[in-house]
Number of protein chains: 4
Amino acid sequence: MKWTYKTSGIPDNLFIRGKVPMTKEEIRAITMSKLRLKEDSIVVDVGAGTGSISIEAAHISNKGKVIAIEKNPEGIELIKQNAKQFDVKIEVVNGFATEKIKEIEKIDRVIIGGSGGELKEILRLCYERLTPSGVCVINCITIETIYESIKFLEEEGFVDMDVISVNVSRGKRVGRYTLMEGLNPIYIISATKEDV
Amino acid sequence: MKWTYKTSGIPDNLFIRGKVPMTKEEIRAITMSKLRLKEDSIVVDVGAGTGSISIEAAHISNKGKVIAIEKNPEGIELIKQNAKQFDVKIEVVNGFATEKIKEIEKIDRVIIGGSGGELKEILRLCYERLTPSGVCVINCITIETIYESIKFLEEEGFVDMDVISVNVSRGKRVGRYTLMEGLNPIYIISATKEDV
Amino acid sequence: MKWTYKTSGIPDNLFIRGKVPMTKEEIRAITMSKLRLKEDSIVVDVGAGTGSISIEAAHISNKGKVIAIEKNPEGIELIKQNAKQFDVKIEVVNGFATEKIKEIEKIDRVIIGGSGGELKEILRLCYERLTPSGVCVINCITIETIYESIKFLEEEGFVDMDVISVNVSRGKRVGRYTLMEGLNPIYIISATKEDV
Amino acid sequence: MKWTYKTSGIPDNLFIRGKVPMTKEEIRAITMSKLRLKEDSIVVDVGAGTGSISIEAAHISNKGKVIAIEKNPEGIELIKQNAKQFDVKIEVVNGFATEKIKEIEKIDRVIIGGSGGELKEILRLCYERLTPSGVCVINCITIETIYESIKFLEEEGFVDMDVISVNVSRGKRVGRYTLMEGLNPIYIISATKEDV
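All chains use their own residue numbering, which begins from 1 and follows the written sequence. Each chain gets a letter, beginning with A, and each ligand a number, beginning with 1, in the order they are written. Confidence filtering applies because this is a predicted model: local features only for residues at pLDDT of at least 70, side-chain atom pairs given and counted only at 80 or more, and all residues used for totals across whole chains, interfaces and linings. Side-chain calculation: all heavy atoms of the structure are included, whereas hydrogens and water are not.

## Some thoughts on the nonpolar core
- Side-chain atoms within 4.5 Å link the members of a nonpolar core, which is a set of buried Ala, Val, Leu, Ile, Met, Phe, Trp, Tyr and Cys residues. Only protein chains enter the accessibility calculation, which uses a 1.4 Å probe; a residue whose area is less than 20% of its type maximum is buried, one above 50% is exposed, and one in between is partly exposed. Formed by 66 residues in total, the largest nonpolar core has its most connected members in Ile101(A), Ile112(A), Ile101(D) and Ile112(D).
- Residue contacts are counted whenever heavy atoms from the two residues lie within 4.5 Å of one another. Not counting chain neighbours up to four residues away, the residues in contact with Ile112(D) comprise Val46(D), Leu119(D), Ile122(D), Leu123(D), Cys136(D), Val137(D), Ile138(D) and Asn139(D).
- With 65 residues, the next largest nonpolar core counts Ala97(B), Ile150(B), Ile67(C) and Ala97(C) among its residues.

Rendered as structure tokens:
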């Protein structure tokens, strides 16, 4: 059940999920887009959850490296299972992002799906390690995280900030009808480290 | 100004646009995702407009072929200019889809961005030429086209239909504020030709 | 627990609900708005469900009449319970709209929340009985019903059609965070019988 | 051209508008709903703009009082014209809310459509003057104002906070098609002063 396509947005039901929340396929497609990956990018996935974003990134940056940081042991197990199932190489790191990012020397792309209340410190640590023109993407589901993402990215010195909100509804066939069901809105914020 | 990334969702402002409406970058990212392209896919872009989707497809299916069909001469010119600017190869076809599709032997992926009121006939022609497991994606902006897409895809024998609506809002920085501005909702419908 | 306010949009949790789906408070507020009720309006609620819309209407058109038609006995019971709880007078009619509307002589406003696949016939029957400048509002949750509502309203001779889609998300407080949760999109279509 | 209906959500095109931004009819309907007006409510409209919300409130609280505060002279003129046109009584106050609210003794309902960067102080002044069970509603269009509204309402001691975001799209008839056009998302935050 490997993913044989060159495009992102792997269907949700192809992942092993457990009870860990997962970024939906349409949001993953946009997230990949905002990350602007290269084949050889070094990508860090903070709060990797089920690893669905790490797996998408690993498909594209297959000559670089994907590091998935997750503090929840259940998540760690899921990331490993999903990586195996999709036959991609992911460096799975169990622990707190504020500690584990310090052990990474150089980052080209960082995607933050969960920050455990340490967003400012995580952004600071990432900024230090980001290569010039490196990209940071933050996926938010709460008003407070959106606000803080915008604020901290600016304070930290990131440029070219881009903020979007995305509401996806999915059609469910019921007899001859297509019933539209709303997913939760997601806010995707991205910014770049200046290329000096 | 070539696009050097491996991900879709090229920023809108990198395209030459004129007055032809263009699929926005987030919608392009999801559209690519639903198309499930391979490197060697033969992709047909019906109602190609500015060619923004063709260009995204050409970046990914660079060992296949991308055919952009557009009846509007202004669009044809824009597609050529954009293809040149992004340094990708696109077969640009000026004319009505109902005629021009007949000249294509085999299609792996078709994306319909505009059908000029001939959706049913276009879907029929595409279905005949689609390879097994071939994918058809339709981007709609009107209630009538959504309804007809669902209806015709089913009638034509497509399977695994997927219907989503996507509302994107973009944050515009005004002083210290981030003002959210709504884009038009887009409905993305995709389906597959059964692999018998 | 009567509703002592003059505005519509009674909180969802004030209704007795059972397992019958209910129009959410924000959608009810907009639905009332599109209905343009007068104090003495004769209002028919087709597919009344829990009666939440009938109850809102009864608060405003308290010198007119509200007739709630519902085929599901469980719904009938809920409407009666809710009417009693909110201390409003509603004429509760158990049966199929295509039959029961025939027994009503004159309608000023009709709101269709459910049509049991008989939308066209219901619209025809309502149109015949609607007073000049009478208003018809249809709340839809499926692509097919939106499409058919637009089509049938036009065919039946209604004018001043208004179509909107509404996506509401609600903030749920989790610790210091406000998590946004998406509700299903609702399409509200309204039109008027010409005042000849 | 008076509004003869008992429901809120007066069509946008019935207002005299100029270049001042106006709350759209669907958002006004929900805003009224969240305000929970009584006939005799004393309502303060802060940053009243064109006065569209004041006029809706004046229709319902016609035995109470509606005070529209606006610092922009162009807005003041529009509010007066609209009040005259709809034949409702509104107390129009030209000046800064932080000064003018001080001159009001008792407030039952306050709706904040614009705060000129003084949201915290405005909320403090309103809280002091709000009667028990009084309601405060804030309509926001920026991430920063949503965040600050939630934060300040809590800090000020308001209870029963309710946060929603609303995305409305409107169908525009083009030939036989209904083209959906997105409006800007609006965030509506409401809370109550505890009834001690």
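Next, the rest of the story.
## As for the relation of the copies chain B and chain A
- The copies are overlaid by a least-squares fit using only the C-alpha atoms of residues whose pLDDT is at least 70 in both copies. In the superposition of chain B on chain A (RMSD 0.0 Å, axial shift 0.0 Å), the rotation amounts to 180°. Such a combination of rotation and displacement between the chain copies is what one expects of a two-fold axis. Closest approach to the rotation axis among the C-alpha atoms of chain B is made by Asn167(B), whose C-alpha sits 2.5 Å away.
- Comparing contact sets, 100% of the residues at the interface of chain B also lie at the interface in chain A, consistent with an isologous, same-surface contact.

## Some remarks on helix α2 (residues 52-60) of chain B
Residue and element names in this part refer to chain B.
- Secondary structure elements follow DSSP: runs of H or I of four or more residues count as helices, runs of E of two or more count as strands, with numbering from the N terminus. Across the 9 residues that make up α2, a large majority, 8, are buried.
- Those residues of α2 not exposed but buried are Ser52, Ile53, Ser54, Ile55, Glu56, Ala57, Ala58 and Ile60.
- Tucked inside the fold, the buried residues of α2 contact α1 (25-35), β1 (42-46), β2 (65-70), α3 (73-86), β4 (107-112) and β5 (130-140).

## Looking at the environment of Pro21(B)
- Within the secondary structure, Pro21(B) sits in the segment before α1.
- Measuring from C-alpha to C-alpha, the distance between Pro21(B) and Thr50(B) comes to 7.4 Å, with 29 residues separating the pair along the chain.

## Details of the pattern of salt bridges
- Salt bridge, as used here: a side-chain nitrogen of Lys or Arg that lies within 4 Å of a carboxyl oxygen of Asp or Glu. Per the stated rule, a full pass over the model turns up 85 salt bridges over all chains.
- Ionic pairing is found between Arg173(B) and Glu154(A), a salt bridge with its closest N-O pair at 2.7 Å. Of this pair, Arg173(B) sits in strand β6 (residues 159-174) while Glu154(A) sits in helix α6 (residues 143-156), placing the two residues on different chains.
- Judged by its relative accessible area of 31%, Arg173(B) falls in the partly exposed class.
- The class of Glu154(A) is partly exposed, set by a relative accessible area of 43%.

## Focus: the interface of chain B and chain A
- On the chain A side, the residues contacting the 36 residues of chain B number 36 residues.
- In total, chain B and chain A occlude about 3,000 Å² of area from one another, counting both sides; carbon and sulfur atoms represent 57% of this.
- The quantity reported as buried area is the accessible area (1.4 Å probe) lost by two parts once they are put together, taken as the sum for both. Area buried by chain B at its contact with chain A is led by Lys6(B), Thr7(B) and Arg36(B), which between them contribute 18% of it.
- At the boundary of chain B and chain A, one finds 6 salt bridges.
- Two N or O atoms form a polar contact when they lie within 3.5 Å of each other; inside protein one atom must be a possible hydrogen donor and the other a possible acceptor, and for residues adjacent in sequence the pair counts only when both atoms belong to side chains. Taken together, chain B and chain A are joined by 17 residue pairs in polar contact (both at pLDDT 80 or more).
- When residues of the side of chain B that touches chain A are traced back to their parent elements, those giving at least two are α1, α6 (143-156), β6 and β7 (177-182) of chain B.
- Only when DSSP finds a minimum of two bridges between them are two strands counted as paired. Where strand β6 (residues 159-174) of chain A lies against β6(B), 7 bridges are found, and the strand directions are antiparallel.

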